[in-house]
Amino acid sequence: MARINGSRPFPEIPTRHPKVDVPLWVVLAGLAGRMCARLVLLVLRHPVLVGLLLTVAVLRDRYGLVGLGVAALVLAVLAVGWRLAHRRSFAWLVGWLRGRLRLLAVYRWRWRPVMVHTGLAIRVPVSNGERIAFAETFPRIRQVRSDRWADRLRVELLYGQTPQQWAEQAEALRQAFRAQSCRVRPDTRVGYIWLDFTHRDPLAELVPLADLDGPDADGDGDGGDDDGWDDDTPVNLTGIPIGRREDGQLWRLPVRGAHVLVAGATGAGKSAVLWATIRGLGPAVRAGLVELWVADPKGGMELAFGRGMFTRFATDTGSIADLLDDAVTVMRARAARLRGVTRLHTPTVDEPLIVVIVDELAALTAYVTDREVKRRLSASLPLLLSQGRAPGVVVVGAVQDPRKEVLPFRDLFPVRVALRLTEPDQVDLVLGDGARDRGARAEEIPDALPGVGYVLADGQADPVRVRAAWVDDAEISRMAHRYQPPVTGAAFDFGDRGEGWTPDVNGWAA
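The rules behind these values
Residues numbered from 1 in each chain as written. Predicted model: local features only at pLDDT ≥ 70, side-chain atom pairs only at ≥ 80, totals over all residues. Heavy atoms only, no water. Helix = DSSP H or I, 4+ residues; strand = E, 2+ residues; numbered from the N terminus. Buried < 20%, exposed > 50% of the residue type's maximum accessible area, 1.4 Å probe, protein only. Contact = heavy atoms within 4.5 Å. Areas by Shrake-Rupley, 256 points an atom, 1.4 Å probe, with all protein chains shown as cover. Patch = residues over 30% accessible without salt bridge, like charges linked within 9 Å, V, L, I, M, F, W, Y side chains within 5 Å. Salt bridge = Lys/Arg side-chain N within 4 Å of Asp/Glu carboxyl O. Lys, Arg positive; Asp, Glu negative; His and termini not counted. Charge placed at Lys NZ, Arg CZ, Asp CG, Glu CD. pLDDT = per-residue confidence, 0-100. Arc of directions from axis to C-beta. Pairing = 2+ DSSP bridges. Axes fitted to C-alpha atoms, helices over the stretch in contact; angles between N-to-C directions. Phe/Tyr/Trp six-rings, centres within 6.5 Å; stacked < 30°, edge-to-face > 60°. Lys NZ or Arg CZ within 6 Å of the ring centre and 35° of its normal.

1. Focus: the overall build of the protein
Broken down by element type, the protein carries 13 helices and 18 strands. Looking at the protein as a whole, 42% of its 510 residues are labelled buried. A separation threshold of at least 6 residues defines the contact pool for the protein, and within that pool the share at least 24 residues apart is 65%. By element, 56% of the accessible surface of the protein is carried by carbon and sulfur atoms, the whole surface being about 27800 Å².

2. Overview of the environment of Arg339
Tracing the sequence through the fold places Arg339 in the loop between helix H9 (317-338) and strand S12 (353-358). C-alpha of Arg339 to C-alpha of Pro391: the two residues are 52 residues apart in sequence and 9.3 Å apart in space.

3. Some points on a positive patch on the surface
A cluster of basic residues, Arg34, Arg38, Arg45, Arg112 and Arg140, forms a positive patch at the surface. Examining the composition of the positive patch, we find that 3 residues originate from one element, helix H2 (residues 24-45), more than from any other. One can find Arg45 in helix H2.

4. Re a nonpolar patch on the surface
A cluster of nonpolar side chains, contributed by Val22, Leu24, Trp25, Val26, Val27, Leu28 and Leu31, occupies part of the molecular surface with about 700 Å² of accessible area. Mapping Leu24 onto the fold places it in helix H2. According to the relative accessible area criterion, Leu24 is exposed, its value standing at 62%.

5. Description of the pattern of salt bridges
Should the charged atoms of two oppositely charged side chains come close, the side chains can pair. Enumeration over the complete set of coordinates arrives at 20 salt bridges. Across the pair Glu475 and Arg279 runs a salt bridge whose closest N-O atoms are separated by 2.9 Å. Taken together, the residues span a long stretch of sequence, with Glu475 in helix H13 (residues 473-482) and Arg279 in helix H7 (residues 270-280) at a distance of 196 residues. For the residue pair Glu475 and Arg279, the accessibility class agrees, reading buried in each case. Judged by its relative accessible area of 12%, Glu475 falls in the buried class. Several salt bridges share partner residues, and in doing so they unite Arg185, Asp196 and Asp462 into one network.

6. Quick notes on the confidence of the model for the protein
Per-residue pLDDT for the protein has a mean of 80; in total, 85% of the residues score no lower than 70. Counted against residues more than four places away or in other chains, residues 215-233, with its pLDDT under 50, gives 38 contacts. Segment residues 496-510: pLDDT under 50, and 28 contacts once partners within four positions in sequence are set aside and those in other chains are kept.

7. Some remarks on H13
Among the residues of H13, those classed as buried are Glu475, Ile476, Met479 and Ala480. All buried residues of H13 project into a common sector of 135° when viewed along the axis, lining one side. Opposite the buried face of H13, at more than 90 degrees from it, the exposed residues are Asp473, Ala474 and His481. Packed against the buried residues of H13 are H7.

8. Details of the sheet that holds strand S16 (residues 464-468)
On the basis of which strands lie adjacent, the open sheet formed by 10 strands has the order S8-S7-S16-S15-S14-S9-S13-S12-S10-S11 and mixed pairing. Both outer strands of the open sheet, strand S8 (250-253) and strand S11 (312-314), are each paired with one neighbouring strand and no more. In this sheet, neighbouring strand axes are inclined to one another by 25° on average, regardless of whether the strands run parallel or antiparallel. Pairing geometry for strand S10 (residues 290-295) and S11, over 3 bridges, is parallel. The partner of Trp293 across the bridge, within S11, is Arg312. Of the strands in this sheet, S10, S11, S12 and strand S13 (393-399) are in contact with H9, which crosses S11 at around 145°.

9. Observations concerning the packing of aromatic side chains
Taken as a whole, this structure holds 6 aromatic pairs when the rule is applied. Relative to Phe177, the ring of Tyr107 lies with its centre 5.1 Å away and its plane at 50°, an arrangement referred to as tilted. You can see Tyr107 sitting in helix H4 (residues 87-117) and its partner Phe177 sitting in the loop between helix H6 (170-176) and strand S5 (181-186), a full 70 residues away along the chain. Residue Phe177 is classed as buried on the basis of its relative accessible area, which comes to 2%. Aromatic ring contacts, followed pair by pair, group Tyr107, Trp111, Trp166, Phe177 and Phe197 into a single cluster. Its end group placed over the ring of Tyr192, Arg154 keeps NZ or CZ at 4.2 Å from the ring centre. Above the face of the Trp293 ring, Arg312 is positioned so that its terminal group lies 5.0 Å from the ring centre.

Here is the structure:
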């Protein structure tokens, strides 16, 4: 009955295929044709590499080793000139050539067995009339990008596959291709993913400080200042250089028009991010385009060293509440003046960008015992986060515990940085749902790498691994002396702090 219902499969009956006598010349012709087909396929897949090999062979045959050496010297001189003239296009070409070599030497011959063993190849039953065989379909590598640290493969998914299936096999892929890490990222085009195989960590060493006063202060490598401002201050407030990304590029943190949240456990390097941010704003502070209003609830133990750069500095909860109340007052006045004129404030000497830096947000949201002060803080902080970006009053805050009961308004930060965290669930709390599945394994960052984390901004598809530059005490003393705000400048007259605006738990009322 089980056989009739189909619950038990019938055993396969062994069969013997009939023998066919094939002449030897047919076998040799078939092998020759197969080798020619593989050669043609090699040329079609790697035309540049084959062309280079043929060029070397021709030069060696016609001009000997001397001619080959002269050609190599000319090529080296042209390469150096190209790199000096246009570094970006030269880096793109080198990365493309390196990617083709890596594809030929590593991924092409190992790809199919890895796909089979990880279950990412699809087996389809095919009947040939006598017995059922299985035809295997493999995902295709469509593009390879390579640099000194990682290989990035653009892979076309098979029908029925999702990026989540590949993410589950990331560790197996890492082991198969002998990489330090493997990260799966969805492509902007549906049906494609990116596999990032990291072979050397560019963030293992301390990141050097960016040159803020040199000829290439904007840090793009072209020797110019592309900050977009009419003044002579080499600072791009929409992306100040504070460290390095995993791909070797500068990590630029947006400040103008963005609030920034930095979350990390004790010793994860939150102070490194804050000090690198303060240092990156130094030239703008000296020019009077930025004012730093700093709140250090830990008694000033961390940020007091840079007191010379700060326009406002508060250490106890009462004075911090006054500072935030004044920031809301400035925000309200600017919003009323800019309403109908512009949607984003442009910093000037008369009306600078105000950057409110809070070293520990939890000390202002969860650990305050004074009810009146807590009420004022719970009114001013959400107002600044929800309305301060456009009028030019932005917040840069650090926190150890990103839970909702500790930081109820964390979703109001457009830019979020997750340093080393203690639990896997905290990654999604800081960076948003699904960030850990897209490669942000912040809980796995070693203790020996302070300042390493993942950054994600609104509108950005995937988190980026970064490391903040280390600012030591000597550099803090130097920049506190060098980047002091101007003595003269426009000052906002707050008058009586309670006059005109009254703090309320639901906001601010005139």
